[in-house]
Amino acid sequence: MGRPMTSDDAEVQLVVFRLGAEEYGVPITQVQEINHLTKPTKIPKSPVFLEGVINLRGEIIPVIDLKKRFEIDDAGYADDGRIMIVEINGSTVGVIVDEVSEVLRLPKSSIEPPPPVIAGITSTYLEGVGKLDDRLLILLDLNEILTEREQDELEELEEAADVVGSTVNE
């Protein structure tokens, strides 16, 4: 019971962002919204790449610094810095990036399998490399940027923050 092939099957729609000098892409289906960079509230004894949490319309959301996660030289963030609200393995998480540049459609035929390491990032996090004219886009698999243990830690932080938030509001 196959369905007819549509033009959507031949391409992927990506949100393109920058970390340092490199351009990255993630499927638009994983991105819920893009917000201006605000300073997250720090959480004691949290993983080094966890910048803290933000309150997004009453929901406490952990925020990950992708530069720290990927061990990219961190020169801080400019005014173009953004927090992308994404879904990672069913959890809502904020991801700090240098700049969100565009949304584009990339033909699947332009996507190569990932090399073992690119821009210092191991293939664990890589979905592939997209070729677009003279540009290379590093395609990330957001579901792989956290280990299972880290995912559990974030969920525990969210639950603890929700409890604190609910007692403050009473």
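Right above here is the structure, for reference.
Summary of the structure given here. (Residues numbered from 1 in each chain as written. Predicted model: local features only at pLDDT ≥ 70, side-chain atom pairs only at ≥ 80, totals over all residues. Heavy atoms only, no water.)

Turning to the pairing of strand S1 (residues 11–19), a few remarks are in order. Two strands pair when backbone bridges link them, and S1 and strand S8 (residues 99–107) are joined in this way by 8 bridges, in the antiparallel orientation. Across the sheet, the residue bridging to Glu 11 is Pro 107, located in S8. Here S1 runs beside strand S2 (residues 22–27); their pairing, made up of 6 bridges, is antiparallel. The residue bridging Leu 19 from the neighbouring strand is Glu 22, located in S2. (Pairing = 2+ DSSP bridges. Helix = DSSP H or I, 4+ residues; strand = E, 2+ residues; numbered from the N terminus.)

Summed over all chains, the structure comprises 10 salt bridges. Residues Arg 18 and Asp 98 are paired through a salt bridge, measuring 3.9 Å at the closest nitrogen-oxygen approach. Taken together, the residues span a long stretch of sequence, with Arg 18 in strand S1 and Asp 98 in the loop between strand S7 (91–97) and S8 at a distance of 80 residues. When the shortest N-O distance is used, the salt bridge between Arg 135 and Glu 102 registers 2.6 Å. Within this pair, whereas Arg 135 is found in strand S13 (residues 135–140), its partner Glu 102 is found in strand S8, the two being separated by 33 residues in sequence. On the accessibility criterion, Arg 135 (24% relative accessible area) is partly exposed. It is possible to trace a salt-bridge network through shared partners that takes in Arg 18, Lys 67, Asp 98 and Glu 99. (Salt bridge = Lys/Arg side-chain N within 4 Å of Asp/Glu carboxyl O. Buried < 20%, exposed > 50% of the residue type's maximum accessible area, 1.4 Å probe, protein only.)

Along the polypeptide, Glu 51 turns up in strand S4 (residues 50–56). In this structure the C-alpha to C-alpha distance between Glu 51 and Val 63, which are 12 residues apart in sequence, comes to 5.6 Å. Each residue touching Glu 51, except ones within four places of it in the same chain, is listed here: Pro 40, Thr 41, Lys 42, Val 63, Asp 65, Lys 68 and Ile 96. Within the local environment of Glu 51, its side chain forms a polar contact with the side chain of Lys 68, the two groups lying 2.5 Å apart. (Contact = heavy atoms within 4.5 Å. Polar contact = N/O pair within 3.5 Å; in protein donor to acceptor, adjacent residues only side chain to side chain.)

As enumerated under the stated definition, the model contains 1 aromatic pair in all. Arranged with centres 5.6 Å apart and planes meeting at 15°, the rings of Phe 17 and Tyr 24 form a pair that is stacked. Summarising the burial analysis for this pair, Phe 17 and Tyr 24 share the class buried. For Arg 69, the ring lying beneath its charged end belongs to Phe 49, and the centroid distance is 4.5 Å. (Phe/Tyr/Trp six-rings, centres within 6.5 Å; stacked < 30°, edge-to-face > 60°. Lys NZ or Arg CZ within 6 Å of the ring centre and 35° of its normal.)

Let us now look at the sheet that holds strand S3 (residues 31–36). Read from one edge to the other, the open sheet built from 5 strands follows the order S3-S6-S7-S5-S4, with strand pairing classed as mixed. Each edge of the open sheet carries a strand with a single partner, namely S3 and S4. Neighbour-to-neighbour, the strand axes of the sheet open up by a mean angle of 30°, direction not taken into account. In the sheet, S4 pairs with strand S5 (residues 59–65) via 6 bridges, with the strands oriented antiparallel. Bridging across to S5, Asn 55 finds its partner in Ile 60. (Axes fitted to C-alpha atoms, helices over the stretch in contact; angles between N-to-C directions.)

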